[in-house]
Amino acid sequence: MLSVKEAESIILELVKPLDTRKDTEVVTLEDATGRILAQPVTSELDFPYWDNSAMDGYAVKFADVESCSAESPAVLEIVEEIPAGVQPKSAIASGQAARIFTGAMMPEGADTIVIQENTKREGNCVLVLSPPSRSNAFVRQRGSFYQAGNPLLEPGILINASEIAVLATAQCTQLTVYRRPRVAILSTGDELVPPDRTLQPGQIVDSNQYALAAFVASQGGIPIRLGIVPDKPDLLKEKMTQAIATADMVLSTGGVSVGDYDYVEQLLAELGGEIRIRSVAIKPGKPLTVAAFANGCTYFGIPGNPVSALVSCWRFVQPALRKLSGLSDNWLPTFMKVRSRDRLISDGKRETYLWGQLQSVDGVCEFQLAGGAQNSANLINLARTNSLAVLPVGQTAIASGQEVDVMLVAGAFGR
Ligand SMILES: Nc1nc2c(c(=O)[nH]1)N[C@H]1C(S)=C(S)[C@@H](COP(=O)(O)OP(=O)(O)OC[C@H]3O[C@@H](n4cnc5c(N)ncnc54)[C@H](O)[C@@H]3O)O[C@H]1N2
Ligand code: MOO
Ligand SMILES: [Mg+2]
């Protein structure tokens, strides 16, 4: 049985990112949210585009106002009014000023802004009552934040509101992004029925299909739902073949333990998959099967218990999917140390993941264990899970009030 860290390394080594050239598409800025840049972005524009005023006030020559005071104000003739968006008409000469507003272009000849609070208007003149701190005060210089032609955004970054702002301002309206990875999802089990079917004795609802599709979509992938496949080796083999041929990654649930109807590993081998992981010392989620296929597809045979299935996705599939998507870094889940509000227990034999919620109490983060049974068949208390407390192998308890490592759950904190 592999340790969690060993399994994580094998998976990350196995999965290759989408191709920077072949696996891309062009999207407009409006459709770019949640996508990953595939090519570097540069802009032809400096930013700020023009020298402009950071304040409402007067554009002046610093030399005209540097030694003024309330007792001996500098008196300047106002030659123009410059609102934002308008090109100044005249150049400022010594003894002159332009009325100017925040964001408006600096006129020729002026090098400094005097804020209007430090002035007094008298007809066509402005009296400057105190000098600005320095030449260029409150002037936003052209190109001071970014110079045209330099790298603006690197490939491999996720595009969200902040990146959209940068791209819009740089007039990058068409972007080359990675295509979304295609992830086939299939549920194995004779007992499974869709959620809209009346249950016959012994049947259960296929919740994994829905949970995994939601997980894949939250990570920017395209879930391809292949439905429920009974525990019949020929039918299962056919569906697995179809999945492997059409998707970048396959997630099947169930059929990976040691039961008589657990066929997934055997079929993966028959289909030519190289089995890289058979089981991991993790609870829940021990019987994880991972296989690599020659066409580049990675197959995750995920345990059927519903909590095991999601924990496997959060701990192992998420990093794989992030790497596959073209993200250049931050593939691994985020861990942090926080105080546990509750006593946490484990048998110490496997790295144990307990589900619950990170909450901020008086500005300090605390982990609260989900109430009810921490049992991999109990998905009822999974709702609102945003983190998992992690007890390493060998650790059987963490007392209430003690520090614990928690892993942030995919999607719960915006990634
Ligand atoms: N003798 C042993 N038995 C089991 C072991 C073991 O080591 N020795 N491991 C246990 C652990 S741990 C897990 S986890 C499960 C994994 O089982 P499988 O992946 O083979 O899954 P199934 O047997 O098909 O189903 C397990 C459980 O999950 C329910 N299930 C399955 N699919 C779904 C679905 N799509 N939606 C909701 N629930 C699902 C299924 O009905 C079973 O209750 O094996 C243990 N056994
Ligand atoms: O590891 Mo299983 O995933 O305990 O339920
Ligand atoms: Mg089984």
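Residues numbered from 1 in each chain as written. Chains lettered and ligands numbered in written order. Predicted model: local features only at pLDDT ≥ 70, side-chain atom pairs only at ≥ 80, totals over all residues. Heavy atoms only, no water.

Which parts of the structure should I look at to understand the overall build of the protein chain?
In terms of regular secondary structure, the protein chain is built from 7 helices and 28 strands. Against the 2.2 N^0.38 benchmark of 22 Å for 415 residues, the protein chain shows a C-alpha radius of gyration of 31 Å, more extended than a compact globule. Across its three principal directions, the C-alpha atoms of the protein chain cover 95 × 50 × 40 Å. Taking all 415 residues of the protein chain together, 46% fall into the buried category. (Helix = DSSP H or I, 4+ residues; strand = E, 2+ residues; numbered from the N terminus. Rg over C-alpha atoms; globule rule 2.2 N^0.38 Å. Buried < 20%, exposed > 50% of the residue type's maximum accessible area, 1.4 Å probe, protein only.)

Any chance you could explain helix α5 (residues 233–246) here in plain terms?
Along an α-helix, a turn takes 3.6 residues, which lines up residues three or four apart on a common side. Here α5 spans 20 Å end to end across 14 residues, near enough to the 20 Å set by a 1.5 Å rise per residue. Residues of α5 that are buried in the fold lie against β13 (182–188), β16 (222–229), β17 (249–253), α6 (264–270) and β21 (298–302). (Expected span 1.5 Å × (residues − 1). Contact = heavy atoms within 4.5 Å.)

Would you explain the nonpolar core in this entry?
Taken as a class, soluble globular proteins show a tendency for nonpolar side chains to be buried jointly. Residues Met-249, Leu-251, Phe-300, Ile-302, Trp-314 and Phe-316 are the most contacted members of the largest nonpolar core, which totals 47 residues. Of the residues forming this core, the biggest block, 11 residues, is contributed by helix α7 (residues 306–325). Formed by 21 residues, the second largest nonpolar core is a distinct cluster that contains Ala-184, Ile-224, Leu-268 and Phe-293. (Core = buried A, V, L, I, M, F, W, Y, C linked by side-chain atoms within 4.5 Å.)

Would you explain the UniProt feature "domain: MoaB/Mog" (unreviewed entry) in the protein chain in this entry?
The positions that UniProt labels "domain: MoaB/Mog" (unreviewed entry) are, in the present scheme, residues 184–323. Between the end C-alpha atoms of residues 184–323 the distance is 17 Å, and the span holds 36% helix and 26% strand. (UniProt positions renumbered as here; feature names shortened; annotations may be inferred.)

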